[in-house]
Amino acid sequence: MKSNILRAITENPDLGITMPDGTRLSARTWIPENATDAPVPAILEFLPYRKRDGTTARDCLTHPYFAKRGYACIRVDMRGNGDSEGLMEDEYSPQELSDAVETIKWLAAQPWCSGTVGMMGISWGGFNALQVAALQPEALKAIITLCSTVDRYADDIHFKGGCLLNENLGWSGTMWSYSSRAPDPALRPNDWREIWLDRLENEPFLAAHWLDHQTRDTYWEHGSVCEDYSKIKAATLAIGGWGDAYKNAPPALIENLDAPAKAIIGPWVHKYPHFAIPEPRIGFLQEALRWWDHWLKCEDTGVQDDPLYRPYLMESVPPKSWYTERAGTWLAINEKPSQLAHEIWHLGDQTLQDTAAPFETTISSPQTCGAHSGEYCAIWLGPELPDDQRSDDAMSVVFKTEPLETQRDIVGAPSVTLKISSDTPQGQIAVRLLDIQPNGASARITYGVLNLSHRDSHSTPSTMTPNKAEEVTIVLDHIAYRLPKGHRLGIAVSTAYWPLIWPSPQASTLTLTQGSLSLPLRPSGDVDEWTFELPEADTPWQVDTLRKGSNSRKTVTTWTTGVVTLEIVDDFGKVKDSDHGLINGSIAREWWSIHPDNPLSAHGRTHWTDELEREGIALRTEATSEMSCDATHFHLKARLEAFENDELIFEKDVQRSILRDNL
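Presented here is a report on the structure given in the accompanying data block.

**Here's the deal with the side chain of Ser224**
Part 1 of the reasoning: In this fold, Ser224 is placed in the loop between helix H7 (218–221) and strand S9 (235–241).
Part 2 of the reasoning: You can call Ser224 buried: its relative accessible area is 3%.
Part 3 of the reasoning: Of note is the side chain of Ser224, whose polar atom sits 2.9 Å from the backbone nitrogen of Arg152.
Part 4 of the reasoning: Excluding residues within four positions of it along the chain, Ser224 makes contact with Val150, Asp151, Arg152, Tyr153 and Arg216.

Structure below.
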């Protein structure tokens, strides 16, 4: 019988792991006290997000929990970030993945390690867990990947359906700020300033680098595990959230991996599911412990008998930009996603119907269509989810059924095939699947977008022949959603989706003459088919709050110009660590502006302020970036300023104009 006695652990805030080139990576570790006498498996999380003041809140809940149950937990700052040496190059660079592999080798060789290693992480850490697994380090036996992707081009923050996501600039602005911060002077008392200045001087402005690769070339193939799923040998538990951008990887992994794989998707945004919103949360740490115990300790915990896929089927609710909980049912599915049945609906004259019928309709949406899309990746716990779609529906062409006579449980990735012609060679299309409720409210179930030049290939795009009809297919994101009896199923088609995607150079008019919807369905049930344990966690991070956080989104129309601006302010507050005294605070701001009639008026701007303080030292960075365009080029500029005790000690500017390539 498994012992319930928790082990005493030792925490080290700055364990050094030296790479072959001499670069020292800093790790925070939690290791059972007697592990040298009785070695334990290691669990690695490998991130750029600063273990000392960035991910501390979630690290405190998670890593000590595993360590007290017989694991050495290692949270490493990647080179060029946090308290580690070296310089940041890019996301998922060959150097990053090589460092992770070397770290796994180092861990396996330590006297307190049994020789087996697991890797886990959410978002960046989930991405590189998959990518490192594909490199097959010998000691890596299992991974848990959360909110990640199998395709860096088609399903990350850069491009979607070949369209440029505005998150390409937004997340670049975030990293422009994150990676420009100094190490904690308490951990590097002799050289923190030298390391900081070197970082600032060499900090890459990633938005420009990513825009240098506008098609799916070898740059994006690197790290995209969908290029060869067979390379992953480690047992893989994949977890996602319906409120998150990264909901397609778990179905793709259970569909394609030869290695043991299971998938869970809940109603959550971009957070670990033991503290995520919307609820219900689950006992993620217990679920993970079952995974680790089986694959790293060879204990029979029953995970191989778990269902292949456990998605949360969300009930229809009134649409709004934030939920603390979502009603629904846990499903237990043993079929692969491709094996689920599909129902076919045909588009007609603003109708969805059982049989095909000729129709013709045109659509040319205002550039402000998409204002109710919500954040591409809901993460900061503000009002970031898609709310009532009626305003966007009014700028789209909508096809809808009669009130349904029976409910539908939609489970999978719907697809819409359209016969269309465009009056411009370059254009884009957005398709939303809607739950049109009896009171008229319109909820977005799922969606997809397509750059029409990418209709046949993301690698070799080709423009449309104006006014020539072609068939295109838009695959929507995976979802599990119950559409009740009496509601209408709708499809909304638009030629713009701002501020989620950057507009094409010209406003297009599309003519639609045929269309069909392939809707994945599962037989309905009314009770949970699976029950998770309630969430557990270790002791929360202890801080003194110096400034409370807040989140806001507002849309402003400048009446003299007609320009519409979305303003987002996420104040993450300011806190002092109750243990070691480091103070940190940050505020993120974004502005997205466009004129309804002019796609070339699109403009995005970000501004991050970050503060780091301890006795006698007050450090601050101001990181700004912006993007505009004309018909042929994207125009980018960024500025980075660093202050020490309010004195400007560093500044640099970056400016690039990049040719548009079928975008």
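Still to come is the rest of the account.
**Here we look at the nonpolar core**
Soluble, globular proteins show a tendency: their nonpolar side chains are buried together.
Part 1 of the reasoning: Within the largest apolar cluster, 186 residues are counted, with the highest numbers of intra-cluster contacts made by Phe66, Ile74, Met119, Ile144, Phe284, Trp292 and Leu418.
Part 2 of the reasoning: Residues in contact with Trp292, not counting those within four places in the same chain, are Ile43, Phe66, Tyr71, Gly118, Met119, Met120, Ala142, Ile143, Ile144 and Lys297.
Part 3 of the reasoning: Formed by five residues, the second largest nonpolar core is a distinct cluster that contains Val269, Val317, Tyr323 and Ala378.

**Regarding the pattern of salt bridges**
Part 1 of the reasoning: All told, the structure shown has 47 salt bridges when counted by the stated rule.
Part 2 of the reasoning: We note a salt bridge from Arg79 to Asp99, for which the minimum N-O separation is 2.6 Å. Taken together, the positions of Arg79 in the loop between strand S4 (72–77) and helix H2 (94–108) and Asp99 in helix H2 put the pair 20 residues apart, joining distant regions of the chain.
Part 3 of the reasoning: Between Asp191 and Arg188 there is a salt bridge, with its nearest N and O atoms 2.7 Å apart.
Part 4 of the reasoning: On the basis of relative accessibility, which here comes to 22%, the residue Asp191 falls in the partly exposed class.
Part 5 of the reasoning: Through salt bridges with shared partners, a single ionic network connects Arg547, Asp571, Lys574, Glu611 and Glu613.

**A few points about the pairing of strand S21 (residues 470–475)**
Residues in a regular strand project their side chains so that they alternate between the two faces of the sheet.
Part 1 of the reasoning: Where burial is concerned, the two faces of S21 differ: the one with Glu470, Val472 and Ile474 is buried and the one with Glu471, Thr473 and Val475 is not.
Part 2 of the reasoning: Relative to S21, strand S18 (residues 415–422) runs antiparallel, the two sharing six bridges. Residue pairing across strands places Leu418 opposite Val472, the latter belonging to S21.

**Side note on the side chain of Lys160**
Part 1 of the reasoning: Looking at where Lys160 falls in the secondary structure, it is placed in strand S7 (residues 159–160).
Part 2 of the reasoning: Excluding residues within four positions of it along the chain, Lys160 makes contact with Ala154, Asp155, Leu165, Tyr376, Tyr447, Val449 and Asp477.

**Description of the sheet that holds strand S20 (residues 442–451)**
Part 1 of the reasoning: Pairing in this open sheet of four strands is antiparallel, and the strands run S16-S23-S19-S20 from one edge to the other. At either margin of the open sheet sits one strand with a lone partner, and together these are strand S16 (397–400) and S20. Neighbour-to-neighbour, the strand axes of this sheet turn through a mean angle of 20°, independent of strand direction.
Part 2 of the reasoning: Here strand S19 (residues 428–436) runs beside strand S23 (residues 488–494); their pairing, made up of seven bridges, is antiparallel. Following the sheet pairing, Leu433 is matched in S23 by Ile491.

**As for helix H4 (residues 167–178)**
Part 1 of the reasoning: Along its 12 residues, H4 runs 16 Å from first to last C-alpha, staying within 8% of the 16 Å computed at 1.5 Å per residue.
Part 2 of the reasoning: In terms of burial, H4 is largely enclosed, as 12 of its 12 residues are buried.
Part 3 of the reasoning: Listed as buried for H4 are Glu167, Asn168, Leu169, Gly170, Trp171, Ser172, Gly173, Thr174, Met175, Trp176, Ser177 and Tyr178.

**Details of the environment of Pro183**
Part 1 of the reasoning: As for its placement among the helices and strands, Pro183 is situated in the loop between H4 and helix H5 (192–202).
Part 2 of the reasoning: Along the chain, Pro183 and Asp305 lie 122 residues apart, while their C-alpha atoms are 45 Å from each other.
Part 3 of the reasoning: What Pro183 contacts, discounting residues up to four positions off in sequence, is Gly82, Asp83, Arg188, Trp192, Ile195, Trp196, Arg199 and Leu612.

**Observations concerning the packing of H2 against helix H3 (residues 124–135)**
Part 1 of the reasoning: Packing of H2 against H3 leaves a shortest axis separation of 10 Å and a crossing angle of 75°. Relative to H3, the element H2 lies roughly perpendicular. Of the residues in H3, those in contact with Glu96, Leu97, Ala100, Val101 and Ile104 of H2 are Trp124, Asn128, Gln131, Val132 and Leu135.
Part 2 of the reasoning: Tallied by class, residues from the contact of H2 with H3 come to seven nonpolar, two polar and one charged.

**Quick look at unusual backbone geometry**
Note: most residues except glycine have negative phi, and most peptide bonds are trans.
Part 1 of the reasoning: In this structure, Pro278 follows Ile277 across a cis peptide bond, with omega equal to 0°.
Part 2 of the reasoning: When you line up the elements, Pro278 lands in the loop between strand S10 (261–266) and helix H9 (284–297).
Part 3 of the reasoning: Phi is positive for Ser123, which is not a glycine, with a value near 65°.
Part 4 of the reasoning: On the secondary structure map, Ser123 appears in the loop between strand S5 (113–122) and H3.
Part 5 of the reasoning: For Cys147, which is not a glycine, the phi torsion comes out positive at approximately 50°.
Part 6 of the reasoning: On the secondary structure map, Cys147 appears in the loop between strand S6 (140–146) and S7.

**Thoughts on the packing of helix H1 (residues 56–67) against H9**
Part 1 of the reasoning: Look at H1 against H9: their axes get within 11 Å of each other, and the N-to-C directions meet at 40°. Of the possible angle classes, the one that applies to H1 and H9 is oblique. When you trace H1 past H9, the crossing you get is right-handed. Residue-level inspection shows Leu61, Thr62, Tyr65 and Phe66 of H1 in contact with H9, the latter providing Leu285, Gln286, Ala288, Leu289 and Trp292.
Part 2 of the reasoning: When the residues that make up the contact of H1 with H9 are grouped by side-chain class, the tally is seven nonpolar, two polar and no charged.

Rules of the game
Residues numbered from 1 in each chain as written. Predicted model: local features only at pLDDT ≥ 70, side-chain atom pairs only at ≥ 80, totals over all residues. Heavy atoms only, no water. Helix = DSSP H or I, 4+ residues; strand = E, 2+ residues; numbered from the N terminus. Buried < 20%, exposed > 50% of the residue type's maximum accessible area, 1.4 Å probe, protein only. Polar contact = N/O pair within 3.5 Å; in protein donor to acceptor, adjacent residues only side chain to side chain. Contact = heavy atoms within 4.5 Å. Core = buried A, V, L, I, M, F, W, Y, C linked by side-chain atoms within 4.5 Å. Salt bridge = Lys/Arg side-chain N within 4 Å of Asp/Glu carboxyl O. Pairing = 2+ DSSP bridges. Axes fitted to C-alpha atoms, helices over the stretch in contact; angles between N-to-C directions. Expected span 1.5 Å × (residues − 1). Parallel < 35°, antiparallel > 145°, perpendicular 65-115°, else oblique. Nonpolar A, V, L, I, M, F, W, Y, C, P; charged D, E, K, R; others polar. Left-handed = near helix turned anticlockwise from the far one by under 90°.

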